[in-house]
Amino acid sequence: HTSSIRDKILTINVKAGWRPGTKITFQKEGDQGPNTIPADIVFLVKDKEHPHYRREGADLHYKATIQLGKALVGDVIEVPTLDNRMLSIPINDIVQPGYTKRVIGEGMPISNSKEEEKGDLVIFIRHRLPNQVTRATKNAH
């Protein structure tokens, strides 16, 4: 009996939108030898943390902060996307605590969808309060 060690490169083409827990199986590519049936090799997809986004199913969650004054009169929020675009999202409402803005179709691709559907981008907007208020501002109110 002679045995040898062989290296083999297995390539996985990860598709955008694959969910965590997706299994990729290479059948009978595991260790093999005399009197040993080669086993399957199974890889499990895991999400990598992102500094700005959190994934919830096919939706992407993004946190944005605006100045208190803009929260009252409206603003445009610039949101960088994962595919290197910049979205300009108008906020025309008064931003209350817990305010969210949903942008349809700007989330993760939905695997196995026939029409290249995507989830949504959900923006959680919070106010930034000033550190101090000038006397003139206080007197104006």
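## Section: the overall build of the chain
Helices and strands together make up the secondary structure of the chain, namely two helices and eight strands. Helices and strands in the chain line up, N terminus first, as β-β-β-β-α-β-β-β-β-α. Scaling as 2.2 N^0.38, a compact globule of 141 residues should have a C-alpha radius of gyration of about 14 Å, whereas the chain reaches 25 Å, well beyond that. A principal-axis box enclosing the C-alpha atoms of the chain has dimensions of 95 × 35 × 25 Å. When burial is assessed residue by residue, the chain has 25% of its 141 residues classed as buried. Of the roughly 11,300 Å² that the chain leaves accessible, carbon and sulfur atoms contribute 50%. If you average the places of the 21 positive and of the 17 negative side-chain charges in the chain, the two averages end up 6 Å apart.

## As for the layout of surface pockets
Over the atoms, a rolling probe the size of a water molecule traces out where space has been left empty. In this structure, the largest pocket occupies an estimated 390 Å³ of space. In this structure, the largest pocket is lined by 17 residues; those nearest its centre are Asp47, Lys48, Arg55, Leu82 and Met108. Residues belonging to the lining of the largest pocket are distributed by class as follows: eight nonpolar, two polar and seven charged.

## Some remarks on the nonpolar core
In this structure, Val79, Leu121, Ile123 and Ile125 are the most contacted members of the largest nonpolar core, which totals 18 residues. Looking at this core, the element that brings in the most residues is strand β4 (residues 59-67), giving four residues.

## Concerning the sheet that holds strand β7 (residues 100-103)
Taken together, the four strands give an open sheet; going across it, the order is β3-β4-β8-β7, and neighbouring strands pair in mixed fashion. The open sheet has two edge strands with one neighbour each: β3 (53-56) and β7. With strand direction ignored, the average angle separating the axes of adjacent strands in the sheet is 30°. Of the strand pairs in this sheet, β4 and strand β8 (residues 121-128) are connected by eight bridges, and their pairing is parallel. The residue of β8 that forms the bridge with Gln67 is Arg128.

## Some points on the pattern of salt bridges
By the definition in use, this model includes seven salt bridges. Across the salt bridge formed by Asp47 and Arg55, the nearest N and O atoms sit 3.7 Å from each other. When its relative accessible area of 35% is taken as the criterion, Asp47 is described as partly exposed. Using a relative accessible area of 17% as the deciding quantity, one classes Arg55 as buried. Between Asp120 and Arg102 there is a salt bridge, and its shortest N-O distance comes to 3.0 Å. Of this pair, Asp120 sits in the loop between β7 and β8 while Arg102 sits in strand β7, and the two are 18 residues apart along the sequence. Its relative accessible area of 13% is what places Asp120 among the buried residues. When salt bridges that share partners are traced, they join Asp59, Arg102 and Asp120 into one network.

## Some remarks on the environment of Leu68
When you line up the elements, Leu68 lands in helix α1 (residues 68-73). According to the relative accessible area criterion, Leu68 is partly exposed, its value standing at 31%. With 58 residues separating them in the primary sequence, Leu68 and Arg126 have C-alpha atoms 8.8 Å apart. When residues no more than four places from it in sequence are discounted, the contact partners of Leu68 are His127, Arg128, Leu129 and Pro130.

About the cut-offs
- Residues numbered from 1 in each chain as written.
- Predicted model: local features only at pLDDT ≥ 70, side-chain atom pairs only at ≥ 80, totals over all residues.
- Heavy atoms only, no water.
- Helix = DSSP H or I, 4+ residues; strand = E, 2+ residues; numbered from the N terminus.
- Rg over C-alpha atoms; globule rule 2.2 N^0.38 Å.
- Buried < 20%, exposed > 50% of the residue type's maximum accessible area, 1.4 Å probe, protein only.
- Areas by Shrake-Rupley, 256 points an atom, 1.4 Å probe, with all protein chains shown as cover.
- Lys, Arg positive; Asp, Glu negative; His and termini not counted.
- Charge placed at Lys NZ, Arg CZ, Asp CG, Glu CD.
- 1 Å grid on protein atoms, 1.4 Å probe; cavity = no way out; pocket = protein on both sides within 12 Å on 5 of 7 lines; lining within 4 Å.
- Points joined across faces, edges and corners; volume = space filled by probe spheres on them.
- Nonpolar A, V, L, I, M, F, W, Y, C, P; charged D, E, K, R; others polar.
- Core = buried A, V, L, I, M, F, W, Y, C linked by side-chain atoms within 4.5 Å.
- Pairing = 2+ DSSP bridges.
- Axes fitted to C-alpha atoms, helices over the stretch in contact; angles between N-to-C directions.
- Salt bridge = Lys/Arg side-chain N within 4 Å of Asp/Glu carboxyl O.
- Contact = heavy atoms within 4.5 Å.

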